[in-house]
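Spelled out from the first residue to the last, the chains are:
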Amino acid sequence: GSVMSRKEELFKMVHLLRSQADAMSSRDAKQAFRKMADYYQREAEQLNGRPVPEIMPSKQARSTKSAA
C-alpha cells in the first residue's frame, strides 16, 4: 500500500477538523476546531515547495529558508 505523505495527512486533518467545526453547535467548539484546522494547514503549507526529509540532518538546514 502507498504511504500517505505528511502533507496529505495534514490536509486530511484540516478537512476533518473543518467539517467537525461546521457540525458543532457551540461557538467555542467551532472556534477551537477552526484554530486546530488553521494550525494543521500552516504545517502543511510549510511542507510545500521543498521536500522535507523525515529526519533533519543538521540544524543549519532550516536556517536557509525560514522567513515566512
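The structure under discussion appears in the preceding block.
Described below are features of the structure shown in this document. This is a predicted model, so every value here is computed, not measured.

Taking 1.5 Å per residue as the helical rise, helix α2 (residues 27–47) with its 21 residues ought to reach 30 Å, and the 31 Å between its terminal C-alpha atoms agrees with that figure. Buried within α2 we find A29, A37 and A44. Burial along α2 is one-sided: seen end-on, the buried residues are contained in an arc of 60 degrees. The exposed residues of α2 that point more than 90 degrees off its buried face are R27, D28 and K35. With a side-chain oxygen lying 3.2 Å from the backbone nitrogen of D28, the N-terminal cap of α2 falls on S26.

Let us look at the pattern of salt bridges. Side chains carrying opposite charge are able to pair once their charged atoms draw close together. Under the definition given, this model contains 3 salt bridges. One salt bridge in this structure joins E43 and R6, with 3.2 Å as the shortest N-O distance. Of the two residues, E43 is situated in helix α2 and R6 in helix α1 (residues 6–23); the sequence distance between them amounts to 37 residues. According to the relative accessible area criterion, E43 is partly exposed, its value standing at 24%.

Two aromatic rings are characterised by how far apart their centres lie and by the angle between their planes. For the coordinates displayed, the defined rule picks out 1 aromatic pair. Aromatic side chains Y39 and Y40 sit 5.5 Å apart centroid to centroid with 75 degrees between the ring planes, which places their arrangement in the edge-to-face category. The partly exposed category is assigned to Y39, whose relative accessible area is 44%. Among the residues examined, Y40 registers a relative accessible area of 24% and is labelled partly exposed.

What counts as what
- Residues numbered from 1 in each chain as written.
- Predicted model: local features only at pLDDT ≥ 70, side-chain atom pairs only at ≥ 80, totals over all residues.
- Heavy atoms only, no water.
- Helix = DSSP H or I, 4+ residues; strand = E, 2+ residues; numbered from the N terminus.
- Expected span 1.5 Å × (residues − 1).
- Buried < 20%, exposed > 50% of the residue type's maximum accessible area, 1.4 Å probe, protein only.
- Arc of directions from axis to C-beta.
- Polar contact = N/O pair within 3.5 Å; in protein donor to acceptor, adjacent residues only side chain to side chain.
- Salt bridge = Lys/Arg side-chain N within 4 Å of Asp/Glu carboxyl O.
- Phe/Tyr/Trp six-rings, centres within 6.5 Å; stacked < 30°, edge-to-face > 60°.

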